[in-house]
Amino acid sequence: MIPAPFDYLAPESVEEVLAALAESGDDAKVLAGGQSLLPVLRLRLNAPEKIIDIGRIPALREIHEDGEYLAIGAMATHDDVLHNALVTEHALLLHKTLVEVADPQIRHRGTVGGALVHADPAGDLGAAALALDAELVIAGPGGATRTVAAKDFFVDIFETAVQDGELLTQIRIPKHTGWRAHYEKFVRVAHQWAIVAVAATVRMDGGTISEARVALTNMGSTPVRAASVERALVGKPATDDGVREAATLAAEGTSPPSDLNGDAAYRKHLAGVLTRRAVLAAAGE
Amino acid sequence: MTATDERPAEQAHEIGTSRTRKEDQHLITGHSTWVDNMVLPGMVHLAILRSPMAHAKITSIDASGARKYPGVVAAFTGADFADTQGNLPCAWPVTPDMVNPGAPSLAVEQVNFAGDAVAVVAARTKAEAVDALESIEVEYDPLPPVLDLEAALADGSTLVHPNTTSNKCYTWVFDSADAGSGASMDDARRDAEVTVTRRFIQQRLSPSYMEPRSTLVQPVDQGVTIWSSTQIPHILRTMLALTLGIPEHKVRAIAPDVGGGFGGKITITPEEVITTLVARRLGKPAKYTETRSETLEAAHHGRAQIQDITITAKQDGTVTGLDVHLTADLGAYLRLITPGIPLLGAFMYPGIYKFPAYHLSCDGVFTTKVPTDAYRGAGRPEATFAIERIMDELAAELKMDPLALRRKNWIAHEEFPFTTVAGLTYDTGNYEAATDKAVELVGWEDLRAEQARRREAKDPVQLGLGVSTFTEMCGIAPSRVLGSLSFGSGGWENASIRMLPTGKVEVVTGISPHGQGHETGFSQIVADRLGIPFDDIEIIHGDTQSSPKGLDTYGSRSLSVGGIAVVKAVDKVIEKARRVAAHMLEASQDDLEFEAGSFSVKGAPGSSVSLPEIAFAVFVAHDLPDGMEPSLNSEATYDPVNFSFPHGTHLCATEVDTETGRVKILKYACVDDVGTPINPLLIDGQVHGGLAQGIAQALYEEAVYDDAGNLVTGTFVDYTLPAAPDLPNFLTDRTVTPSTDNPLGVKGVGEAGTIASTPAVVNAIVDALRPLGINNIQMPCTPERVWRAIQSSGANDQGSAAASTQEHFDSTEGDAQ
Amino acid sequence: MTRISVQVDGDHYTDEVEPRTLLVHYLRERIGKTGTVVGCDTSNCGACTVLLDGKSVKSCNMLAVQADGHEVTTVEGLAIDGTLHPMQQAFHDKHALQCGYCTPGMIMASIDLLNDNPHPSEDEIRVGLEGNLCRCTGYQNIVKAVQQAAGSEQS
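Taking an unreviewed UniProt entry as the reference, chain C is identified by name as (2Fe-2S)-binding protein belonging to Leekyejoonella antrihumi. In its Pathway (unreviewed entry) section, the UniProt entry covering chain C states "Alkaloid degradation; nicotine degradation."

You'll find chain B entered in an unreviewed UniProt entry as Xanthine dehydrogenase family protein molybdopterin-binding subunit, with Leekyejoonella antrihumi given as the organism. In the Cofactor (unreviewed entry) part of its UniProt record, chain B is described as follows: "Mo-molybdopterin cytosine dinucleotide".

**Student:** Sorry, what's going on with the packing of helix 11 (residues 240–247) of chain A against helix 12 (residues 264–284) of chain A here?
**Tutor:** Packed helices, taken two at a time, are described by the angle their axes make and the gap between the axes. All names here are of chain A. Running from amino to carboxyl end, helix 11 crosses helix 12 at an angle of 140 degrees, the nearest separation of the two axes being 9 Å. Regarding the angle of helix 11 to helix 12, the classification is oblique. Two packed elements cross with a definite hand, and for helix 11 against helix 12 that hand is right-handed. Residues Asp 240, Val 243, Arg 244 and Ala 247 of helix 11 lie in contact with helix 12, whose contacting residues are Gly 272, Thr 275, Arg 276, Val 279 and Leu 280. Across the contact of helix 11 with helix 12, the residue classes break down as four nonpolar, two polar and three charged.

**Student:** How should I be thinking about the interface of chain A and chain B in this particular structure?
**Tutor:** When the parts come together, some accessible area is lost, and that loss is often what is quoted as the size of the interface. With 55 residues of chain A at the interface, the matching set in chain B holds 48 residues. In this assembly, chain A packs against chain B so that about 4,300 Å² is buried in total across both faces, 55% of it on carbon and sulfur atoms. Contact with chain B buries surface across chain A, with Phe 158, Arg 188 and Leu 260 of chain A losing the most and accounting together for 19% of the total. Remark: the boundary between chain A and chain B carries six salt bridges. One salt bridge connects Arg 277 of chain A with Glu 659 of chain B, and the closest N-O pair in it is separated by 2.8 Å. One can count 19 residue pairs in polar contact (both at pLDDT 80 or more) joining chain A with chain B. At the level of secondary structure, the elements contributing two or more residues to the side of chain A that touches chain B comprise strand 2 (28–31), helix 2 (37–42), helix 7 (112–118), strand 9 (159–160), strand 10 (167–174) and helix 12 of chain A. Classifying every residue of the side of chain A that touches chain B by side-chain character gives 30 nonpolar, 13 polar and 12 charged.

**Student:** Would you take a moment to explain the environment of Leu 63 of chain C for this structure?
**Tutor:** Within the element layout of this structure, Leu 63 of chain C appears in the loop between strand 4 (55–58) and strand 5 (71–73). On the accessibility criterion, Leu 63 of chain C (0% relative accessible area) is buried. Along the backbone, Leu 63 of chain C and His 25 of chain C are 38 residues apart, and their C-alpha atoms lie at a distance of 9.1 Å. Residues in contact with Leu 63 of chain C, not counting those within four places in the same chain, are Phe 6, Leu 31 and Leu 38 of chain A together with Pro 19, Arg 20, Thr 21, Leu 22 and Leu 23 of chain C.

**Student:** What's the story with the UniProt feature "domain: Aldehyde oxidase/xanthine dehydrogenase a/b hammerhead" (unreviewed entry) in chain B in this structure? I'm lost.
**Tutor:** UniProt records the feature "domain: Aldehyde oxidase/xanthine dehydrogenase a/b hammerhead" (unreviewed entry) for residues 29–144 of chain B in the present numbering. Within residues 29–144 of chain B, the helical portion is 14% and the strand portion 30%, while the C-alpha atoms at the span's ends are 51 Å from each other.

**Student:** Would you take a moment to explain helix 9 (residues 270–282) of chain B for this structure?
**Tutor:** Structurally, the α-helix is built with 3.6 residues per turn, so residues lying three or four positions apart point the same way. All names here are of chain B. An ideal rise of 1.5 Å per residue puts 18 Å on 13 residues; helix 9 measures up with 18 Å between its terminal C-alpha atoms. In terms of burial, helix 9 is largely enclosed, as 10 of its 13 residues are buried. If you check which residues of helix 9 are buried, you get Pro 270, Glu 271, Glu 272, Val 273, Ile 274, Thr 275, Thr 276, Leu 277, Val 278 and Ala 279.

**Student:** What exactly am I supposed to notice about the interface of chain B and chain C here?
**Tutor:** On the chain C side, the residues contacting the 52 residues of chain B number 41 residues. Summing the contributions of chain B and of chain C, the shared interface buries around 4,000 Å²; its carbon and sulfur component is 56%. For the interface between chain B and chain C, the tally reads three salt bridges. Residues Glu 701 of chain B and Arg 135 of chain C are paired through a salt bridge, measuring 2.6 Å at the closest nitrogen-oxygen approach. Taken together, chain B and chain C are joined by 24 residue pairs in polar contact (both at pLDDT 80 or more). Of all elements in the fold, only helix 1 (24–28), helix 4 (126–133), helix 10 (292–298) and helix 20 (680–699) of chain B reach the threshold of two or more residues within the side of chain B that touches chain C. Residues of the side of chain B that touches chain C, tallied by class, amount to 24 nonpolar, 21 polar and seven charged.

**Student:** In this structure, what is going on with the domain arrangement of chain C? I would like to understand it.
**Tutor:** All names here are of chain C. Assigned domains within chain C: domain 1 (2–75) and domain 2 (86–150). Relative placement of domain 1 and domain 2: their C-alpha centres are 21 Å apart. Every contact between the two is made by 18 residues of domain 1 and, on the other side, 12 residues of domain 2. The junction of domain 1 with domain 2 conceals about 1,100 Å² of combined surface from both sides, 57% of it contributed by carbon and sulfur atoms. Run the count over domain 1 and domain 2 and you get zero salt bridges.

**Student:** It is not clear to me how a negative patch on the surface should be interpreted in this structure. Could you clarify?
**Tutor:** Negative charge collects at one region of the surface, where Asp 7, Asp 26, Asp 27, Glu 49 and Asp 164 of chain A lie side by side. Relative to the helices and strands, Asp 26 of chain A resides in the loop between helix 1 (14–24) and strand 2.

**Student:** I tried to follow the domain arrangement of chain B on my own but got confused; where do I start?
**Tutor:** Residue and element names in this part refer to chain B. As far as domains go, chain B holds domain 1 (9–32 + 492–638), domain 2 (44–362) and domain 3 (427–475 + 643–807). Taking only C-alpha atoms, the centre of domain 2 and the centre of domain 3 are 27 Å apart. With 29 residues of domain 2 at the contact, the number on the domain 3 side is 30 residues. Across the interface of domain 2 and domain 3, roughly 2,400 Å² is buried in total on both sides, 61% from carbon and sulfur atoms. In this structure, the connection of domain 2 to domain 3 is made through zero salt bridges. Summed over the shared surface of domain 2 and domain 3, the number is seven residue pairs in polar contact (both at pLDDT 80 or more). For the side of domain 2 that touches domain 3, the elements supplying multiple residues, two or more each, are strand 8 (194–205) and helix 10. If you tally residues by element for the side of domain 2 that touches domain 3, the top one is strand 8, at eight residues. Looking at the side of domain 2 that touches domain 3 residue by residue, the class counts come to 16 nonpolar, seven polar and six charged.

Here is what the cut-offs are and how they apply
Residues numbered from 1 in each chain as written. Chains lettered and ligands numbered in written order. Predicted model: local features only at pLDDT ≥ 70, side-chain atom pairs only at ≥ 80, totals over all residues. Heavy atoms only, no water. UniProt positions renumbered as here; feature names shortened; annotations may be inferred. Axes fitted to C-alpha atoms, helices over the stretch in contact; angles between N-to-C directions. Helix = DSSP H or I, 4+ residues; strand = E, 2+ residues; numbered from the N terminus. Parallel < 35°, antiparallel > 145°, perpendicular 65-115°, else oblique. Left-handed = near helix turned anticlockwise from the far one by under 90°. Contact = heavy atoms within 4.5 Å. Nonpolar A, V, L, I, M, F, W, Y, C, P; charged D, E, K, R; others polar. Buried area = accessible area lost by both parts, 1.4 Å probe. Salt bridge = Lys/Arg side-chain N within 4 Å of Asp/Glu carboxyl O. Polar contact = N/O pair within 3.5 Å; in protein donor to acceptor, adjacent residues only side chain to side chain. Buried < 20%, exposed > 50% of the residue type's maximum accessible area, 1.4 Å probe, protein only. Expected span 1.5 Å × (residues − 1). Domains from an automatic or database assignment. Patch = residues over 30% accessible without salt bridge, like charges linked within 9 Å, V, L, I, M, F, W, Y side chains within 5 Å. Areas by Shrake-Rupley, 256 points an atom, 1.4 Å probe, with all protein chains shown as cover. Lys, Arg positive; Asp, Glu negative; His and termini not counted. Charge placed at Lys NZ, Arg CZ, Asp CG, Glu CD.

Below, the structure is given as structure tokens:
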């Protein structure tokens, strides 16, 4: 299929993007890597009047250390981040998650910011952002910026804290240096979105879990933090028995979807199993 | 058994060799000729508006808005072609009273599945054609969808077609007592010591060839040239002529490079007819290329049957009878061979076993879903699944080893030729040899030990072993048999050989390859038989002008029918050449021997003349035998004497993660017997691809409709084809039991892997879980279904997955970036 | 219309395109590179894979305007003076194609795979090709072809 016609802008600075957004109202769509937007346009599920391509702003693609944070430009591609040594060192969970995102071609084009703003509950990056307590930097009209915690960023299916006229510019991740991590993704075929996935990162003290962060993919309309699992894991040995009980809490309070790949009850069950496996794999890294 | 092998042994250096393909060069360099690559001057691009409703009256339709769009040349609705479009052909009236309600290419008064074509726009660009679709106004008066097969047959069901009195299209019956091929099933049931009954569901599948279908039509004088991504250019020509009333000699059909078919491109499609109608109406070339979504929603599906099967046996395991009732989902219309698909399997339910009694009945049912027709194996995967699954169920009932039960009942190698209870005569086979080799290849005993270990240890990941000892009928087909089944065509194939003056050879074949490697395989056959180098042979196909006679490619027929036609034509060339050679060598024809491409006088070394020399002599024609026509060219039309019966043993070991329900194939080994191998490399390729599709039915694929009759698996996001990580490395091997029904000893191979593999996988999954009381899992065996079966521990209530999919491409005005 | 300048298979092109034009349609319909094909609408099948500045991308999943100023390599740009690229040769040698429709994309994805990981295991090859669907081969001979091209073939 072929997208419906649209006007195309390719601004060269964030200021120009914000000006264009201010001018266009909700008739415009921001094009980041386009790996989810292009199918939308091709299937004509949406036909925006204007596409604002933010792919020509080098500053948005930078990855650097900023004190206790890693700062990742919204337009850094999955592949950029996956191969970034700072990310592997300070946010191993993000690295492990990116390995599981889509396929090489899509990782070469798709961007971390684009994926987060798309906010598909089955998308992989939301859980990692949530588990790592990421902060999202959003630029608004006139260039003002605000920072939103990941827990407040995801509002609903395909909906985030980014409002009309705003642009996500940066993802700031508190360094989790030395934390181990694993992303356990459950699919029927390799090229599928996650049916359920679990992002887990742990700080170990010998064979004992001293801190844990766990978040779930596709267990609700947004990524879900499994706080009760995190609490229950503290002080537990990283063994099957040690982790099993905590993992059973994973689905608490979740409202997963029902579809061809599984109904809500099955997904809740999976969340528990996958949480145990994710935590054990993380601890065993 | 002895093979009829007429090849002089010393020449046979090509046959049996793993030649790499001569077809590859243009495909690996990107210089292919897919129909969608083609552009003709003045060509218009078509886009088709499709019904969003499963079942509805069209109360009004107005395409005038589209005609005002930029670039639009014309827009047509069903009414514009109502008088000329005719009905799409169905070539197989399986019973005298079969109901065919008609199948217009563009719906006129009513739509009968979501995706039914209702209007077409022709524009200067594809984008403009698609844009204009949005302006066509259609009002529908919805009718209830007809989705459930059994409800569709019940009294008072909504009728799919208003011009019928029932949704039943036909009932077809085979009974071995009536046919004289066996005993009475009623007696077998009465006398049974053991009876096992199961219901198996063959889900709907999309053939999902990688190249979406495309058609380009150029009007030529009173006729047309049609390029189409089809498996059947010859049948397309004849059927297009009959459907639209174009004289057949004014239709030229061409299948250029075709990107896979798997049965999905063996019908005459609405899109081919619509493109032809528009091109002729406008007097301009017109091209239509479907999107993948259109492939999934509007190109025919396969399988889609309910199978109720009962097997009877003695306590010692000897089978005594097989009773099958099929309910076949035909979809909304009859395509080319829609009603006959179950019949292609009907003779194969007894499989390789010596059943005394057999009964099969099949109800064909209309529903408001996309029509079904051939998909790789067409009827035989369904049959093989049912018999191989029920054999495992019988083994479990009798507490016998599934392999032992099979050994007890299969036809022993010394019993061939063997006429089965379905009336087919299998020429050759050696099930013992194939099975022994497969058992060795997969490491059966070690796997059984590992299975026992995991059971003992209550390992969360259990192991199951599945068997499928299959045969199939292919090489379609002896014309007389097709006639007895009321099929609207013969099953012969045609070939001709053109000897060029320089000694090169053109081979014209009526089969129409689309990935199989026929150019390579046929060249090998001709090279050996004529003694001409492989590279000096060109295979010509797929254009009714250069290859005027043929019945195309499907049913694993290309080698065992088309290849034999080539052999017969080659032999005629040799006989003509022999006469010239005798003249040139001043010898008697009877004193000549033909070897490695040359004739020589027996016992007179040094006196010989080569085929290229003869070809040149015939070309100049200066000195030919008196009365001889100056041509070596020859043609042959070969009608096979029998079907082809490849067989094999497929063994599968699956891990079942009891915590998640996920199934992983640990090991897959198969030993196939396809008779004399022409090219082992190509055979393995066919087997690998066939296995992938059969495994995909077991584990991954299903075309799902929701309660309103909308296809919810409308893209590759939700119609889940396996990718490379989803399939194992296959262990393949062969036994060779040549066919005695053809001079090469060959059997078909194109469908074997698909036919055999599905039950091997499901048997393995059930085997892993049988200690839990589980005796069936519905396909595709998704993790959720397997997990539910485990939860219910044998209640076999696997629930039904929600008929909905998750949206990943946000259609809202939200903030995707 | 938007003006773009693109280098494709070593040649420079400057064209006015509608912004909605997909890169794959630009390649096929404007500059005649029909070796790159379309197999789906949702970026699952990978038949349209090309290299953009040396990295594999799905050309049906980006706009031609996004390729402005970049370098595209298609399957048609691989063979040099009639000599096949080692990956093309490997696909031929290992019978890694049947109908050939997925082949251009599969070859481009395989080249990218080895650029990223010159000595992949079988599993790494399979996972690395998860963005490309093939309906004919069952992937087995494709894996072998990549192994041959990597020089890691088992005899």
